Amino acid sequence: MRDSSLNSIPPPAGRPLIGLHDYGRLEIAAFEQLDMLSPMRPRIARLLAEACLVPGNEVPADTVTLGSIVRYRVDGDRLERRLLTLGREYAPNDQYVNVLTPVGLALIGRRPGETATAETFEGRMLAISIAALEYQPEAAARAREAGPDGDGPEAA
């Protein structure tokens, strides 16, 4: 069994914390879903190179992962609430943000209270302020494993 105290150790300032499963999915998606000239490929490679990696069961419950529901602001604008997805299965309809976009990529591995930057395809810099993390699949899985006397789904 792993030391659960690792869940409370924050990554070095400015570096995202990514679980190994999300890392692998992002790495594969960069090559399978994006063409060779996509401006997102080098951005994903840069994120993966600078990220702190941890096993999925050690990703802190307050860290944005694939499948998380997150609230954020772009350049101080209105609060957005989105599910962070991977792939082209979701059309942009104000419910999802794809991690293969500048804003989605800026969210992964971050925590509420952090502000990350994202560069649009036109070269404009955006400040992405993470306000809240409403749901994280890894935390939900740990709660289910805890059972009905823990904080499992029955408690919800």
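Presented here is a report on the structure given in the accompanying data block. (Residues numbered from 1 in each chain as written. Predicted model: local features only at pLDDT ≥ 70, side-chain atom pairs only at ≥ 80, totals over all residues. Heavy atoms only, no water.)

A closer look at the sheet that holds strand S7 (residues 125–135)
Piece 1. Taking strand neighbours across the sheet as the criterion, the five strands line up as S5-S4-S3-S7-S6 in an open arrangement whose pairing is mixed. A strand with exactly one partner marks an edge of an open sheet, and here the two such strands are strand S5 (96–98) and strand S6 (115–119). The average undirected angle you get between the axes of adjacent strands in this sheet is 45°.
Piece 2. Relative to S7, strand S3 (residues 69–74) runs antiparallel, the two sharing six bridges. Pairing of arginine 73 across the sheet is with serine 129, part of S7. (Pairing = 2+ DSSP bridges. Helix = DSSP H or I, 4+ residues; strand = E, 2+ residues; numbered from the N terminus. Axes fitted to C-alpha atoms, helices over the stretch in contact; angles between N-to-C directions.)

Description of the pattern of salt bridges
Piece 1. Counted under the stated rule, the structure contains seven salt bridges.
Piece 2. Across the pair glutamate 134 and arginine 81 runs a salt bridge whose closest N-O atoms are separated by 2.6 Å. Remark: arginine 81 occurs in strand S4 (residues 80–85) and glutamate 134 occurs in strand S7; sequence separation between them is 53 residues.
Piece 3. Here arginine 110 makes a salt bridge to glutamate 114, at a shortest N to O gap of 3.4 Å.
Piece 4. Using a relative accessible area of 10% as the deciding quantity, one classes arginine 110 as buried. (Salt bridge = Lys/Arg side-chain N within 4 Å of Asp/Glu carboxyl O. Buried < 20%, exposed > 50% of the residue type's maximum accessible area, 1.4 Å probe, protein only.)

Considering helix H4 (residues 137–146)
Piece 1. Taken residue by residue, H4 has Glu138, Ala140 and Ala143 as its buried positions.
Piece 2. If you follow the buried residues of H4, they end up packed against helix H1 (20–32) and S7. (Contact = heavy atoms within 4.5 Å.)

As far as function goes, none of this settles anything; it's purely spatial.
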